[in-house]
Amino acid sequence: MTSLTIAIPGPVNLRDALKRPELHAAFGHRDSAAHELYQRISQRLLTIAGTTRDEYDCLLINGSGTNAMEACVRSLIRDDGSSTFLTVGAFGELFAKIAQGCDKANHGLVQFEAGTAIDLTTLAQDEQVARAEILVFTHNESSTGVTNDLAVICAWAAQQGKQVIVDGVSLFAGAPVNLSQTKPLAYITATQKCLGLPAGLSIVFLRKDVARQVIEQVPNRGYTTDLKRYLTAAGKHEVLTTPNCSLWNQLDAQLDYITQIEGIENRFARHQQLQAQVLAWITQQGLSLYPALADASPSVSAIRVPADFDLAGLKQRMREQGYLMDVGYAGLNQELIQKYQYKTFRIPHMADMTAEGLDAFLRELEQQMAN
Ligand SMILES: Cc1ncc(COP(=O)(O)O)c(C=O)c1O
């Protein structure tokens, strides 16, 4: 396969330093060297998450983000409808579908209009929300480029005595999550978005003071989806099943880079600067952002184009120039075309993208849009 510069919202391009052959060395995952590796990795992930070992366990689960979402559904959500899923797009709906697939009957579902964020007024008035012990939502909805306000929603849920499970797959390591303050029951992420690595490993931060109690109330948690087993393994600095050694080595190297070379705050700031660069380009091109600016994501922007705009043709021309671009989330675009006669495409600004790299992509896109 010819290699293209990836410009879709995950997976992402890897820094050259992550392609070094020595990162593919195998190790024994029950060996003491792997225990040290686990501790180093989890310690720095907790730091990026703005928390400590005293407050959260950091669990590493083989497979991409969806696997961790399923583990949280199987291990934290009872069958009896005690949870409500809040969706603002396709990935919120994915979470609810996973629950249906796991036979978690009668849970609540509150769907917000695509392109908008969760709002507290609606939450405060909704009966399914009122009944729920656990609220489940997406931090950064990659299909629409909308970020929900983690701090505000978690603070509101805490006031109401509700726990929160958050899918942070497309934002973690690109923006602060401050788990020490926001305190969700579980915060989920994966390697292939803002962390800037290949897909294949998901991460669950689990609140120490309540998670075990919640897990004990849930029967039939499966095996590879049983968070209790991961907690037991993590207590020995181990994982449940054989990990991908190359990805763990790459993660170790990338966490060194993020925490010691780039700096965590600088990484967050760079994501914001890249977003600003895309927003300025959108304005220059006379285009408009799909969500309201206040809800716009620091890792991916969704942009409106007319329903008849030839995105497939543009994608082909960009491919000929060496880029793989995004043509919008298919299900969302179908709905938008039907309702409003426009659709979207997305520009990612995440992981280790540089201002220069983004500028080169935007210049090419501009030229190919004019063709
Ligand atoms: C917000 C969000 N949640 C969940 C997922 C699913 O994660 P994965 O593809 O890693 O299984 C994605 C993937 O794009 C995502 O963007």
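Report on the accompanying structure. In this text, all values refer to a predicted model and were calculated from it rather than measured experimentally.

1. Brief notes about the site of the ligand
Then, number 1: In the region of the ligand, 13 residues are neighbours, and Ser64, Thr66, Ser142, Asp167 and Gln192 sit closest.
Then, number 2: Between the ligand and Asp167 there is a distance of 2.6 Å, counted from a nitrogen atom to a side-chain nitrogen or oxygen.
Then, number 3: Gln192 is positioned with one of its side-chain polar atoms (N or O) 2.6 Å from an oxygen atom of the ligand.
Then, number 4: Protein contacts shield 87% of the accessible area of the ligand, which totals 390 Å² for the unbound molecule.
Then, number 5: Looking at the shell around the ligand, the element that brings in the most residues is helix H2 (residues 65–76), giving three residues.
Then, number 6: Split into classes, the residues belonging to the shell around the ligand amount to three nonpolar, eight polar and two charged.

2. A closer look at the sheet that holds strand S9 (residues 186–190)
Through backbone hydrogen bonds, the strands of a sheet pair up, either in parallel or in antiparallel fashion.
Then, number 1: A sheet is described by the order of its strands in space; here seven strands give the open sequence S2-S10-S9-S8-S5-S3-S4, paired in mixed fashion. Single-partner strands in this sheet number two, and they are strand S2 (56–62) and strand S4 (108–111). Between one strand and the next, the sheet's axes are offset by a mean angle of 15 degrees, whatever the strand orientation.
Then, number 2: Bridging between strand S3 (residues 83–87) and S4 involves four bridges; their strand directions are parallel. In the sheet register, Thr87 faces S4, and the bridge partner there is Gln111.
Then, number 3: With respect to the sheet, helix H1 (residues 32–48) is in contact with S2 and strand S10 (201–207), its orientation differing from that of S2 by roughly 120 degrees.
Then, number 4: Across the sheet, helix H9 (residues 227–235) touches S2 and S10, and the angle it forms with S2 is around 110 degrees.

3. A look at the side chain of Thr87
Then, number 1: You can see Thr87 is positioned in strand S3.
Then, number 2: Not counting residues within four places of it along the chain, the set of residues in contact with Thr87 comprises Gly92, Glu93, Leu109, Val110, Gln111 and Phe112.

4. Brief notes about the nonpolar core
Then, number 1: Core analysis: the largest hydrophobic core is formed by 86 residues, its most contacted members being Ile165 and Phe205.
Then, number 2: Summarising the domain contributions, this core has at least three residues from each of domain 1 (16–261) and domain 2 (264–370).
Then, number 3: When sequence neighbours within four positions are dropped, the list of residues in contact with Phe205 reads Leu45, Leu46, Ala49, Tyr56, Asp57, Cys58, Phe172, Leu179, Leu185, Ala186, Tyr187 and Thr189.
Then, number 4: Grouped together as the second largest cluster of nonpolar side chains are 22 residues, Trp281, Ile282, Ile303 and Met318 included.

5. So, the packing of aromatic side chains
Then, number 1: Applying the stated criterion across every chain yields a total of nine aromatic pairs.
Then, number 2: Plain terms: the ring middles of Phe91 and Tyr329 are 5.7 Å apart, the flat faces sit at 70 degrees to each other, and that makes the pair edge-to-face. With a gap of 238 residues between them, Phe91 in helix H3 (residues 90–101) and Tyr329 in the loop between strand S13 (323–325) and helix H13 (330–340) connect regions that are remote in the sequence.
Then, number 3: When the ring of Tyr323 is compared with that of Phe361, the centres are 5.2 Å apart and the planes differ by 70 degrees; the resulting orientation is edge-to-face. Here Tyr323, found in strand S13, pairs with Phe361, found in helix H14 (residues 355–370); they are 38 residues apart in sequence, far enough to count as distant. The two residues Tyr323 and Phe361 agree in class, both being buried.
Then, number 4: Each member of the aromatic cluster is reached from another via a ring pair, and the members are Phe27, Tyr38 and Trp248.
Then, number 5: Over the ring of Tyr257 we find Arg15, and its NZ or CZ is 3.6 Å from the ring centre.

What counts and what doesn't
- Residues numbered from 1 in each chain as written.
- Predicted model: local features only at pLDDT ≥ 70, side-chain atom pairs only at ≥ 80, totals over all residues.
- Heavy atoms only, no water.
- Near = heavy atom within 4 Å.
- Polar contact = N/O pair within 3.5 Å; in protein donor to acceptor, adjacent residues only side chain to side chain.
- Areas by Shrake-Rupley, 256 points an atom, 1.4 Å probe, with all protein chains shown as cover.
- Helix = DSSP H or I, 4+ residues; strand = E, 2+ residues; numbered from the N terminus.
- Nonpolar A, V, L, I, M, F, W, Y, C, P; charged D, E, K, R; others polar.
- Pairing = 2+ DSSP bridges.
- Axes fitted to C-alpha atoms, helices over the stretch in contact; angles between N-to-C directions.
- Contact = heavy atoms within 4.5 Å.
- Core = buried A, V, L, I, M, F, W, Y, C linked by side-chain atoms within 4.5 Å.
- Buried < 20%, exposed > 50% of the residue type's maximum accessible area, 1.4 Å probe, protein only.
- Domains from an automatic or database assignment.
- Phe/Tyr/Trp six-rings, centres within 6.5 Å; stacked < 30°, edge-to-face > 60°.
- Lys NZ or Arg CZ within 6 Å of the ring centre and 35° of its normal.

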